[in-house]
Amino acid sequence: MPSPPVVLRLSGITKRFGPLVANDAISLTLHEGEVLALLGENGAGKTTLMNILFGHYVADEGSIEAFGRPLPPGSPKAALAAGIGMVHQHFTLADNLSVLDNIAVGTEPLWRFWSDRGAARRRLLDLAERFGLGVRPDALVGDLSVGERQRVEILKALYRDARVLILDEPTAVLTPQESAGLFDTLRRLTADGLAVVFISHKMNEVFAASDTVAVLRAGRLVATRRTAETDREELAELMVGRALKPPTPTPMAAGEPVLALAQVTVNSGHGRPLLDAVDLTVRRHQVIGIAGVSGNGQTALADLVSGLIHPDSGTLSLKGETVGYADPAAMVRRGVARIPEDRHAAGLVGAMAVWENLIAERYHDPAFQRFGVIRRGAARAHARAVIEAFDVRCPGPDARTQLLSGGNMQKLILGRTLAHGPDLILASQPTRGLDVGAVSYVHGRLLEARAAGAGVLVISEDLDEILALADAIAVIHHGRLTPALPHDRVSVRQLGLLMAGHWDVLPEILDAA
Amino acid sequence: MRLEPRAHAPLAIRLLAPVGAVVAALALCALLVAWTGAPVLRAYGLLVEGAVGSRFALTETLTRATPLILTGLAAAVAFRAKLWNIGAEGQLYMGALAAVVLGGELLNLPAWAVLPLALIGGALAGGVTLLGPAVLKVRFGVDEVVTTLLLNFVVLLLVSMLLEGALKDPMGMGWPQSAPVVEAAELPKLIERTRLHVGLLLALGLAVILWLIDTRTIWGYENRAVGANPRAAAFAGMPVTRVMLRTALLSGGLAGLAGAAEVCGLKGYLTLDLSPGFGYSGIVVAMLAQLHPLGVVGAAVFIAGIFVGADAMSRAMPVPNYIADVLVATSLLCMLVAGLLARYRLRRS
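Residues numbered from 1 in each chain as written. Chains lettered and ligands numbered in written order. Predicted model: local features only at pLDDT ≥ 70, side-chain atom pairs only at ≥ 80, totals over all residues. Heavy atoms only, no water.

Caption draft 1: Quick look at empty space enclosed by the protein. Residue and element names in this part refer to chain B. With the rule as written, the count across this model stands at four cavities of 30 Å³ or more. Estimated volume of the largest cavity: approximately 160 Å³. As for the largest cavity, its lining consists of 13 residues, of which Val77, Arg80, Leu210, Asp214 and Asn223 are closest to the centre. For the lining of the largest cavity, the elements supplying multiple residues, two or more each, are helix 3 (55–80), helix 7 (199–216) and helix 8 (218–228). The greatest single-element share of the lining of the largest cavity, amounting to four residues, is contributed by helix 3. (1 Å grid on protein atoms, 1.4 Å probe; cavity = no way out; pocket = protein on both sides within 12 Å on 5 of 7 lines; lining within 4 Å. Points joined across faces, edges and corners; volume = space filled by probe spheres on them. Helix = DSSP H or I, 4+ residues; strand = E, 2+ residues; numbered from the N terminus.)

If you want it as structure tokens, here you go:
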């Protein structure tokens, strides 16, 4: 069988940012009808490479050929004209315009006083039909779900006759169901002869969607493989440069309860409550995982245990003691280590130094202040100890926090909270956006704390993460929480049904358990 | 050309940025000076001489800088916490009003208490004036830029009403001005036979104290954290609302003190032209200083020098003293660019 024609050829692409070599002599080819996964850790150079391809950056060396013709560097317009479309990680849509307007904007000449909306609509509906991308042309983009917005972005590229589609971390914002839908779409696109590059650092997506996988590490292309001819272990090793052993929990007898929620309800102020009569117990030496599709009350549950919101009815107890009105500071004093869902927005103050962030939860502690004056020497020494103990890669205690990578920020938060021997750990999306190396580090630390006697509550939209860590799993749906189901008594299929709201399978699981 | 963030700006660059900005502003305004037909170098020479060239010039500049340091600190403290206080002018007048009432013959307070009470009362009046908008902001999310700005006019009209009515000086020949404060309420002069008063030391001391609070205490620590990322500060357990209200009291208090010090140290009574926009100039001072409390002192003296020097220059040459306003405004714009260049590095793409 002759191999399909080459649509895109990158030769020897090198890009430097100061002393950093973001892309080091990378050569790639992409064929018609092929899905190429670009796999690599954060900072490996994936996005830089695609930005060069799309003309956002100019490469220092190397050249790009699209459909046999050289692509002028540094011009997104030329890339578009050559049939390259890009869907960015952060969408570039106008919320206040309709789907049709968002797609048609920029494709019509500006000096014409009329626009042929009828033709535009027909073309859009035709494309949507052909590739199974259901959208309502007149809906406002602001009213759409994240998955729908992504479909609009893809349609926008198709509308401009893209023959090569670049997707930057397309599933980072999607639920598992939406991801499955996206992969369906990709299959239809390639069946039509399009070629797709998608950037990812998640292994299971590579196997779910790609034909070929190219692995980048520290700016270099370390390997290209047919997806069918490789496996997870090999790819993980190529990605991080060493063999990775994921930490696995050793069985452990659960101790006394450290967190108990009894019939806790949190109202939303309109309609359905955020949490609806939730019962939950977390014991020492135990990891409880909360699984669920995004937006089913996870944030409220995390805020509740963080001390940011309070139950409208029901009680929250810590170590057997009912907690009345608890604010975040009180929760910290009671031995709750809190890892927030959004480490940039809620976890750290980026503009402040590393040492300042490390004392943020306990600056009233006499160890760090006397008569209101900060003991800067003690705080810096503490920071140095945490940096050392938690392997935070940074220039030192005085480094500005916003310059750290995501993985190092998370280590900083772990260091801030775990260094004090907590009784309960609340980990909300603890590895979102982290690369495999950092993920295994975070998981290892959480399991260490469990062995040391902490109870751990992991709230995650990543089912794999919950399956890797949890002794028991509770599913949250529409603010209601199932009983915690022992890990070994519940199947992934059953969890999926529970996450989708089919709680009629619950008696069957509970009977078996 | 592209901008790339610097990992960390070295101290030399951060210190050079304001100097470079001022040089650039002087160069730009040289075009305007040349347009009037005056020799540029001589004009700037006269400006510098008029600002710092003699004992008289220097004391005049420092006298003018005193309220600017205080309003500059007011703006810097508030802006640090992302409380956009545009109302320092109104808070200044509220402070002056309180000082005139407390220091006047009407109350006849004991002599030893009258000056401290006038100053503290002035600061309190300014602080409370800003507390209202701050409460509205944290409680209902009302935009404080609008409320503080509009309160300036409310305060000015209130002062105007009182100066035409209850507070009008019976010996004032019908002018809208208050009766003077008693002698015990006057701030002592710093140097004999000049207008320079002890208010300057007060302002300098406060700048140093604020700097120490900002860098060394948990108060300042909370303020900076809340200003930079209120959500993370709240998550870590900091009292965000309390920090906001505390900042409002402090910022308004500094502006109020500026008004009280002008009354007790310089004018002796209250009129509607007590402040030629010290409250607004304080914003420029704070921006020039990059919100640094010690930088505010330098920026305030610089701006005061421009105004005093331009007055002197315009008396000797056909250059109108409006050049001072243009110079200050241009400096601010240049400073914004310089601040950007200090934080980022220019790269050719």
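Caption draft 2: A look at the domain arrangement of chain A. All names here are of chain A. Domain boundaries assigned for chain A yield domain 1 (6–240), domain 2 (250–335 + 421–513) and domain 3 (348–420). Put simply, the middle of domain 2 and the middle of domain 3, counted by C-alpha atoms, are 27 Å apart. Of the residues lining the interface, 11 residues belong to domain 2; the matching set on domain 3 comes to 14 residues. Overall, the association of domain 2 and domain 3 removes approximately 980 Å² of surface from exposure, summing both partners, and the carbon and sulfur fraction of that is 67%. Among the residues of domain 2 in contact with domain 3, Val332, Tyr441 and Arg445 are the three that bury the most area, contributing 47% of the side total. For the pair domain 2 and domain 3, the number of links is zero salt bridges. In this assembly, domain 2 and domain 3 are joined by four residue pairs in polar contact (both at pLDDT 80 or more). Split into classes, the residues belonging to the side of domain 2 that touches domain 3 amount to eight nonpolar, two polar and one charged. (Domains from an automatic or database assignment. Contact = heavy atoms within 4.5 Å. Buried area = accessible area lost by both parts, 1.4 Å probe. Salt bridge = Lys/Arg side-chain N within 4 Å of Asp/Glu carboxyl O. Polar contact = N/O pair within 3.5 Å; in protein donor to acceptor, adjacent residues only side chain to side chain. Nonpolar A, V, L, I, M, F, W, Y, C, P; charged D, E, K, R; others polar.)

Caption draft 3: Spatial organisation of the UniProt feature "transmembrane region" (unreviewed entry) in chain B. All names here are of chain B. According to UniProt, the positions carrying the feature "transmembrane region" (unreviewed entry) are residues 12–35, 114–136, 148–167, 196–213, 248–270, 282–310 and 322–342. In the segment residues 114–136, helix accounts for 100% and strand for 0%; the C-alpha atoms at its two ends are 33 Å apart. Segment residues 196–213 splits into 83% helix and 0% strand. End C-alpha atoms: 27 Å apart. (UniProt positions renumbered as here; feature names shortened; annotations may be inferred.)

Caption draft 4: Quick look at the sheet that holds strand 7 (residues 164–168) of chain A. All names here are of chain A. Sheet architecture is open: six strands sit in the order 6-7-8-3-9-10, paired in mixed fashion. Both edges of this open sheet fall to strand 6 (84–87) and strand 10 (220–226), since each of them pairs with a single strand only. Pairwise comparison of adjacent strand axes, ignoring direction, gives a mean angle of 20° for this sheet. Note: strand 6 against strand 7, four bridges, orientation parallel. Looking at the pairing, Gly85 lines up with Leu165 of strand 7. Taken strand by strand, helix 8 (residues 232–240) contacts strand 3 (35–40), strand 9 (212–217) and strand 10, and its axis lies near 30° from that of strand 9. (Pairing = 2+ DSSP bridges. Axes fitted to C-alpha atoms, helices over the stretch in contact; angles between N-to-C directions.)

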